[in-house]
Amino acid sequence: MPADESPAARGAGRSRATAAISRVLTQPLLAGPLPGGPGLPAGLALRSRPATGPRRPPSPRGGGPSRSGGGQPRPSRGAGVRRTYERARRAWDRPLTAYYLILGAGMLITVLGLVMVYSASMIKALELARPSTYFFRKQFLAAVIGAGLMLLASRMPVKLHRALAYPLLMGTVFLMVLVQVPGIGMSVNGNQNWIYVGGPFQLQPSEFGKLALILWGADLLARKQDRRLLAQWKHMLVPLVPVAFMLLGLIMLGGDMGTAIILTAILFGLLWLAGAPTRLFAGVLAFACLIGFLLIKTSPNRMSRLGCIGASEPGPGDSCWQAVHGIYALASGGWFGSGLGASVEKWGQLPEPHTDFIFAITGEELGLAGTLSVLALFAALGYAGIRVAGRTEDPFVRYAAGGVTTWITAQAVINIGAVLGLLPIAGVPLPLFSYGGSALLPTMFAVGLLIAFAREDPAARAALAMRRPGVRWKTMRRRVMKRPSGER
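Here's a quick rundown of the structure. Fair warning: this is a prediction, and the values are worked out from it, not measured in the lab. (Residues numbered from 1 in each chain as written. Predicted model: local features only at pLDDT ≥ 70, side-chain atom pairs only at ≥ 80, totals over all residues. Heavy atoms only, no water.)

So, the overall build of the protein chain
Secondary structure summary: the protein chain contains 18 helices and three strands in total. Sequence-distant contacts in the protein chain: of pairs separated by 6 or more residues, those separated by 24 or more amount to 68%. With the model as given, the accessible surface of the protein chain reaches about 27500 Å², and the carbon-plus-sulfur share is 64%. (Helix = DSSP H or I, 4+ residues; strand = E, 2+ residues; numbered from the N terminus. Contact = heavy atoms within 4.5 Å. Areas by Shrake-Rupley, 256 points an atom, 1.4 Å probe, with all protein chains shown as cover.)

Printed below as a string of structure tokens:
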């Protein structure tokens, strides 16, 4: 604008510019219908105009993706199930899974067994003019000693376990010979398999014979495998089978058929793990079955037990009284049982309610839920033992872990099968669960063996080392020292 222009001319110019801007702003609004409707004043048209940018489509009422394909689709239910399965599989494949399964299942079975021993043995103790906690206190003392043995076994190195094999075998054989000496051995329920220790305590050496056979047999087979001698039949059988038959003979002298069956199962488990040929395995099995048939056929007591499989009535002379009342106890328990301590069969109806038939009392007081929980714990313990045996590279660990797993699993199956009426009553206790310190001590030591073997896995050892407080603090401090401070 020129400098000599008058103020009146400048005002007229501003008026013309203002009028031009107003025409530009109002021209598009007047060209079409107003957003607010035909009767809306032009001055309100600017307020009702949409904001700058494209208008968002209205969302559907259900909150999901629109029918036109807009929006993010929800993940399908199948994807969520697959994600959960993958997480569970990764958690199950962690290095410490077997370690925690063995430790947790072993301790839970032992603690639940203590509770059921107290509940099932109260009436039996009162019948013997003893305090109601008599059997429970003895079992609790054995459990405390067994916990110490389990901790000791879990901390011992594999070399020390192998060194313990021969002294344990020789000591067990010596004690099993002493059982047959008059004045030293004791007879309980018709079986000469006990040694008087002192006070109210007795010792059954045949229970330690199971552990001795496992350790000695695992060490023997491992040394022969290192020398590549297991491909020959004579090296696979000798001296493992003769020593096992010697232990079986000492046990059968006392008349304990149930323990002999468990020892035979351990022998076959070791041969199976060693890769015995089918013909050799079948030959040894046929020989063992022949001996067992002769022993059962020549004993009226064993023949009567065989005839009680699936019995629903006590039979003539009440020969199947124990088997039938075990079924009665399980049937009266229902889904959740009659309550802890409320069993009826333990009031003199069911013989041996706190030892061989404690599973029946568990079913009566805790119901199907309680018995299935016990079965699940034994299944978890068996799976963890198989996992330890299958993932190790040490032949001794593989044979020992497989032997312990065979021992606990076979004994649990035989005991529970007898209570359910599916197998003859063999007179073996439920591992870690039934009353009996002589059975509890070696079994808890065997569980400690499995824990030690699970810790020996390289991945598990590294995971346990990272969880130590000192290692974790040093690792965190190292990370903090390496982290840049951000100062310049």
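Topic: the state of the cysteines
When the sulfur atoms of two cysteines share a covalent bond, that bond is a disulfide. Taken as a whole, this structure holds one disulfide when the rule is applied. There is a disulfide in this structure between Cys308 and Cys320, and the S-S distance comes to 2.1 Å. What sets the handedness of the Cys308 and Cys320 disulfide is the S-S torsion sign, and at about -90° it is left-handed. Of this pair, Cys308 sits in the loop between helix H12 (300–306) and helix H13 (321–333) while Cys320 sits in the loop between H12 and H13, and the two are 12 residues apart along the sequence. Both residues of the pair, Cys308 and Cys320, belong to the buried class. (Disulfide = S-S within 2.5 Å. Buried < 20%, exposed > 50% of the residue type's maximum accessible area, 1.4 Å probe, protein only.)

So, the nonpolar core
Residues Ile102, Leu240 and Phe453 are the most contacted members of the largest nonpolar core, which totals 110 residues. Looking at which element gives the most residues to this core, the answer is helix H15 (residues 395–419), with 13 residues. Leaving out residues up to four positions away in the same chain, Phe453 has contacts with Val158, Val388, Phe396, Val397, Ala400 and Ala401. (Core = buried A, V, L, I, M, F, W, Y, C linked by side-chain atoms within 4.5 Å.)

Remarks on unusual backbone geometry
In this structure, the amide linkage connecting Val238 to the following residue, Pro239, adopts the cis form with an omega of 0°. Along the chain, Pro239 turns up in the loop between helix H8 (233–237) and helix H9 (240–253). Notably, Arg228 is not glycine yet its phi reads approximately 60°, a positive angle. Among the secondary structure elements, Arg228 is positioned in the loop between helix H7 (205–226) and H8. Unusually for a residue other than glycine, Asp318 sits at a positive phi of about 55°. With respect to the helices and strands, the residue Asp318 is situated in the loop between H12 and H13.

Some words on the packing of aromatic side chains
Taken as a whole and judged by the stated rule, the model has 11 aromatic pairs. Taken together, a centroid distance of 5.2 Å and an interplanar angle of 65° make the contact between Tyr99 and Tyr100 edge-to-face. A relative accessible area of 13% places Tyr99 in the buried class. The exposure class assigned to Tyr100 is partly exposed, which follows from its relative accessible area of 40%. (Phe/Tyr/Trp six-rings, centres within 6.5 Å; stacked < 30°, edge-to-face > 60°.)

Notes on the pairing of strand E1 (residues 185–188)
Of the pairings in the sheet, the one linking E1 to strand E2 (residues 191–198) comprises four bridges and is antiparallel in character. In the strand pairing of E2, Val188 is matched with Asn191. (Pairing = 2+ DSSP bridges.)

Remarks on the sheet that holds E2
With antiparallel pairing, three strands are arranged side by side in an open sheet as E1-E2-E3. For this open sheet the edge positions go to E1 and strand E3 (201–203), each flanked by a neighbour on one side alone. Between one strand axis and the next, the sheet turns through 55° on average, direction left out of account. The strands that helix H6 (residues 165–179) touches are E1, E2 and E3; relative to E2, the one it contacts most, it runs at about 105°. (Axes fitted to C-alpha atoms, helices over the stretch in contact; angles between N-to-C directions.)

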